[in-house]
Amino acid sequence: MTLSLYIARRFLGSVGKVFLAFLAILLLIDMIEELRRFSDAGIGLTGAAHLALLSVPETMYRILPLIIVMGAIANFLGLARSSELVVVRAAGRSGLRFLLTPLLVSVALGLLAVALFNPLVAATSKAYEDMRSELTQGGRSVLSVADTGLWLRQGSGEGQTVIQAARSNLDGTELFGVTFLGFDQAGQPTRRIEAETAKLVEGAWQLTGTKTWDLTAANPEQTSLREAGPVALPSDLTPERIRDSFGTPSAIAFWNLPGYIADLERAGFSAQSYKLWYQMELALPMLMAAMVLVAAGFTMRHVRFGGTGKMVLFALLAGFGFFFLRNFAQALGDSGQIPVLLAAWSPPVAAVMLSLGLLLHLEDG
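Conventions used here
- Residues numbered from 1 in each chain as written.
- Predicted model: local features only at pLDDT ≥ 70, side-chain atom pairs only at ≥ 80, totals over all residues.
- Heavy atoms only, no water.
- Helix = DSSP H or I, 4+ residues; strand = E, 2+ residues; numbered from the N terminus.
- Buried < 20%, exposed > 50% of the residue type's maximum accessible area, 1.4 Å probe, protein only.
- Contact = heavy atoms within 4.5 Å.
- Areas by Shrake-Rupley, 256 points an atom, 1.4 Å probe, with all protein chains shown as cover.
- Patch = residues over 30% accessible without salt bridge, like charges linked within 9 Å, V, L, I, M, F, W, Y side chains within 5 Å.
- Salt bridge = Lys/Arg side-chain N within 4 Å of Asp/Glu carboxyl O.
- Phe/Tyr/Trp six-rings, centres within 6.5 Å; stacked < 30°, edge-to-face > 60°.
- Expected span 1.5 Å × (residues − 1).
- Axes fitted to C-alpha atoms, helices over the stretch in contact; angles between N-to-C directions.
- Parallel < 35°, antiparallel > 145°, perpendicular 65-115°, else oblique.
- Left-handed = near helix turned anticlockwise from the far one by under 90°.

A. Local environment of the overall build of the chain. When helices and strands are tallied, the chain shows 10 helices and nine strands. Classification of the 365 residues of the chain by burial places 43% in the buried group. Considering only intrachain contacts with a sequence separation of at least 6, the fraction spanning at least 24 residues in the chain is 62%. Put simply, the chain shows about 18,300 Å² of open surface, and 64% of that area lies on carbon and sulfur atoms.

B. Focus on the side chain of Gln330. Its place among the elements puts Gln330 in helix α9 (residues 308–334). In this structure Gln330 comes out as buried when scored by relative accessible area, which is 15%. Residues within four places of Gln330 in sequence aside, it is in contact with Leu276, Trp277 and Met280.

C. Just a nonpolar patch on the surface, in detail. A cluster of nonpolar residues, Met286, Val349 and Met353, forms a patch on the protein surface that exposes about 260 Å² of accessible area. Its place among the elements puts Met353 in helix α10 (residues 340–364). With relative accessibility at 57%, the residue Met353 sits in the exposed group.

D. How the structure looks around the packing of aromatic side chains. Per the counting criterion, the structure on display carries seven aromatic pairs. The interplanar angle of 75 degrees and the centroid separation of 5.2 Å between the aromatic rings of Phe254 and Trp255 together place this pair among those described as edge-to-face. Of the residues examined, Phe254 reaches a relative accessible area of 7% and is grouped as buried. With a relative accessible area of 57%, Trp255 lands in the exposed category.

E. Inspection of α9 at higher detail. Spanning 27 residues, α9 covers 39 Å between terminal C-alpha atoms, matching the ideal 39 Å at 1.5 Å per step. Here α9 has its buried residues at Met311, Val312, Ala315, Ala318, Gly319, Phe322, Phe323, Arg326, Ala329, Gln330 and Gly333. One or two residues past the end of α9 sits Gly336, with phi positive at roughly 80 degrees.

F. Summary view of helix α1 (residues 2–37). Over its 36 residues, α1 runs 51 Å from end to end, which matches the ideal 52 Å to within 8%, given 1.5 Å per residue. What α1 keeps buried is the set Ser4, Ile7, Ala8, Phe11, Ser14, Val15, Val18, Asp30 and Glu34.

G. A look at the packing of helix α3 (residues 64–81) against α9. Running from amino to carboxyl end, α3 crosses α9 at an angle of 160 degrees, the nearest separation of the two axes being 10 Å. As summarised for this structure, α3 and α9 are arranged roughly antiparallel, according to the angle between their axes. Our pair here, α3 against α9, has a crossing hand that is right-handed. Seen from α3, the contacting residues are Pro65, Leu66, Val69, Met70, Ile73, Leu77 and Arg81; seen from α9, they are Thr308, Val312, Ala315, Leu316, Gly319, Phe320, Phe323 and Arg326.

Put into structure tokens, the structure is as follows:
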């Protein structure tokens, strides 16, 4: 138990140092990028630092597997240089048994990342997108999906209009069972329109089967107007703005993903990317363990054999290769070319099997 705790502490220390080094580098780079991107908005150094603090957690979360493989390489090299690996083997503990502690620690880190770090990343990503929308578009995201259906917001010189629809097509440009509620500049409701369908064309919504209420009248129902033919309602929305408002799956906390997926499908949108992200999050602990096995397969050897630099290079290339394979499988899964489960689970399973086979060959011949 004492030896296992020592190994766990060394492994956590190596991973922590790599994590902090990447965090400092990414914060500096992102601050410079935010200053350049929003120079016209005059955000200043404080504003750039704020944006960087909100943006960097998502990047750190995405490269966690690479941080694990680099931390594991540093840990195994340190143990090899100090001959501690030789002592452990001489004490009767095999290399595979020695690896059990780093593997358990990496799985625990993966579980903590999914359970705790993921919701934090989702919150910071959403806050970053809101701030960026304020700086670039002068407003927050125009789209929201809930269990009550699809919600949109559009503005004009007369005020804001809130749109609620029961469902829509895949890109949100055609709505069904839709209600438009108009507000003036003071935030008071002025008009309500219900329509069977609403199709977004250039500069307007094309409505069919409409009924309009003037909410400023004494009796809105008495003055209501029903029209069967098409009605054009001006709009500043575009298909691109609606699509961009979805953001990324990482902006949704892991614990909220199942409900959000159900809401998307109920509203008529495709939830393919969100289903894939959910499965990839479930597979993250296995991927973290696979990265430890990859690092061990190349670097858990005594330095007297030579070729340490070459082995470190091979370990890094293998780690980056599996990371690239994961991203490539995600792209294929997003486009629907391969099933979601295959895209999410095949890279970590392949990494575990290949690196474990290399370790068994090196340890047992």
